[in-house]
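Topology and contacts: notes
Given next are the chains, with one letter for each unit.
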Amino acid sequence: MVEVDPKATTAVQSRLPIQARSQLQTFYHGGIYSSLLAMGAQYTGLNAHGQMSPAGNLVLVPAPVSGGQISGAPGNAEQYLEEDAPLSQDTIKRYEHLIWVQVAYFRVCLDPTVATSGRLLQQAMQDLKNHCACDALVAHYENNPAEADTTVIRQQSTHSAGSSQVQQHHRARGFKNVIPPVHQQETVAPVMSPTLRLMDIKGKVAASCADRDWSRFVQQAIEVATPEEMVMVYMEIMPCVRTLAVDMFGNHALQKILEHGPKSCKREVISNLIGHMLPLSLDKYSCRVIQKAFDVGEHDQKVVMAKELSSKVLKCVRDQFANHVIQKCIECLPPKDIHFILRSFDGRAKALSIHPYGCHVIQKVLTRCKDQEIYHTLTAEIMENVNKLSADKFGNYVVQQLVEHGGHAMRSTMVRQFAGRVVSMSYHKFASNVVEKCLTFGSQEDRRLIADEIVGAGGGQHFDHLVDMMINPYANFVIQKMVVTAEEQQVALLLDVASSNATSLARYPHGRHVIDSMEKFLSGVKGGVHADPARCRR
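Calculation rules
Residues numbered from 1 in each chain as written. Predicted model: local features only at pLDDT ≥ 70, side-chain atom pairs only at ≥ 80, totals over all residues. Heavy atoms only, no water. Buried < 20%, exposed > 50% of the residue type's maximum accessible area, 1.4 Å probe, protein only. Helix = DSSP H or I, 4+ residues; strand = E, 2+ residues; numbered from the N terminus. Contact = heavy atoms within 4.5 Å. Polar contact = N/O pair within 3.5 Å; in protein donor to acceptor, adjacent residues only side chain to side chain. Phe/Tyr/Trp six-rings, centres within 6.5 Å; stacked < 30°, edge-to-face > 60°. UniProt positions renumbered as here; feature names shortened; annotations may be inferred. Axes fitted to C-alpha atoms, helices over the stretch in contact; angles between N-to-C directions. Parallel < 35°, antiparallel > 145°, perpendicular 65-115°, else oblique.

An unreviewed UniProt entry annotates the chain as PUM-HD domain-containing protein of Miscanthus lutarioriparius.

Spelled out as structure tokens, the structure:
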């Protein structure tokens, strides 16, 4: 427990409304209340005059309080303020800010998994991904103005016809609090009527996009929207494009709006994304919006978006979400416009090929790159390490892609590099996939070399190793592939070995798979169909 500063405690207490003090005293029992007030004074930078400076690395995490509402809760500020002591809006916000400070640090004290405000930041930002702690984003961006989304969602108030009731004030502390939810009185999912149109939620489109159920309605309604409705939707979402992009539900609605909107509106939405490409690409939800922008955007904007990532290409390639954005750049733009992306892979093909996310980007380059110089540089590095990559958990997919799309000469070179290792590769969980791919896409000579090495591994006189391969979890797939790709003499030998050892093979699940595939092959040959019996793999 921190040491209590009496002066700081008195200063903080004097700034709180009476109702707020009583609520905090109920919530914080005994000395915890005083200690947390001191902590609040310390970490919010309360000066000698009782004025608060920016909260530093503090994260505000609003949480429900049992036993009643806190006066600082959004929407209840006016209800609990003393009528005889009118306060300015800024003062009210500071009071409410302080209340949430106490709640945040109370949670720190009670939760053993959160030891510091830095850990609380990470926890709150993760909760934000689940739509639970939007205040964390506000606090984070206050301390990182360079990353901040300067667009603030404007409050979309609803005014009932003939109503004289005063609307409650909602503070801009988080996404849910900035925009009142659509139909606030409803506690259940709305019933979507076939006659419900986008115009029926005019003034509340942004709030609807961020709601789980209403977001689905917006996505469906956009597909059949009239031009007037589309213009209305774009006008309402434009001030909060980036906020919707990082929202769990809002990103889906924004993608649909980008897909079906008019050309001019698409340009304006994408213009709001430009300048924030890196943080949006690294986000779980907004990376999908960025990919959609590459799909539907005009060429000049695509080039600008891609160039914005030029200094962080490798960071994006290794990221779980941003790697999809780099793949989309490669897919949607010609090599001359993304030369800086392709050049960043020079000398790193092997390292990226064995990376869980980088391997996907390298595969995309191998299938899309039309720049022969860059393509040759990448493939040369892969071929130098083809044996190691074939046995790697992720690298084997890059080798398979090269076998399929690399051309006849490259496949033949690769098969000859595998000479003497084909049998051992067939027993390997990952390398066996490469052997299968060579049998599928290789030339007749390539297939013959592979089959000869497998059949002749027993010296040409004994074929017990073939039986062992047939019952192996990985090698059995190579045998199945040989049945439909090898020469007639080699296939006949495999069928004879399987027939002679049918009883032994039937004892093992993989052996039974081989027998079944051979029976299907024979029935296909009799029926004039040359079927591929190999089954779905691991």
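In terms of burial, helix α31 (residues 475-485) is largely enclosed, as 11 of its 11 residues are buried. Looking only at α31, the buried set comprises Ala 475, Asn 476, Phe 477, Val 478, Ile 479, Gln 480, Lys 481, Met 482, Val 483, Val 484 and Thr 485.

This brings us to the environment of Gln 327. The residue Gln 327 is located in helix α19 (residues 322-332) in this model. Overall, Gln 327 belongs to the buried group, its relative accessible area being 14%. Through-space distance from the C-alpha of Gln 327 to that of Gln 363 is 9.3 Å; in sequence the pair is 36 residues apart. Apart from the residues within four sequence positions on either side, Gln 327 is in contact with His 360, Val 361 and Lys 364. Of note is the side chain of Gln 327, whose polar atom sits 2.8 Å from the side chain of Asn 323.

Looking now at the side chain of Lys 364. Secondary-structure assignment places Lys 364 in helix α22 (residues 358-368). When its relative accessible area of 18% is taken as the criterion, Lys 364 is described as buried. If we ignore the near neighbours within four places in the chain, the residues touching Lys 364 are Gln 327, Ile 330, Glu 331 and Cys 369.

As a further point, take the packing of aromatic side chains. Under the defined criterion, the tally for this structure stands at one aromatic pair. Ring plane angle 85 degrees and centroid distance 5.6 Å describe the contact between Trp 214 and Phe 217, whose orientation is recorded as edge-to-face. Remark: Phe 217 and Trp 214 occur in helix α10 (residues 212-223); sequence separation between them is three residues, near one turn of the helix. For the residue pair Trp 214 and Phe 217, the accessibility class agrees, reading buried in each case.

We now examine the side chain of Lys 328. Mapped onto the fold, Lys 328 is located in helix α19. Ignoring any residue separated from it by four or fewer positions in sequence, one finds Lys 328 in contact with Gln 291, Phe 294 and Asp 295.

Glancing now at the UniProt feature "repeat: Pumilio" (unreviewed entry) in the chain. UniProt records the feature "repeat: Pumilio" (unreviewed entry) at residues 236-271, 272-307, 308-343, 344-380, 381-416, 417-452 and 461-496, using the numbering of this structure. The span residues 272-307 is 75% helix and 0% strand, and its two end C-alpha atoms sit 16 Å from each other. Taken end to end, residues 381-416 has its terminal C-alpha atoms 17 Å apart, with 81% of it in helix and 0% in strand.

Relative orientation of the contacting elements helix α28 (residues 431-441) and α31 amounts to 5 degrees, with a least axis distance of 10 Å. It follows that α28 is roughly parallel to α31 by the angle criterion. Every residue of α31 that contacts α28 at Ser 432, Val 435, Glu 436, Leu 439 and Thr 440 is listed here: Phe 477, Val 478, Lys 481, Met 482 and Thr 485.

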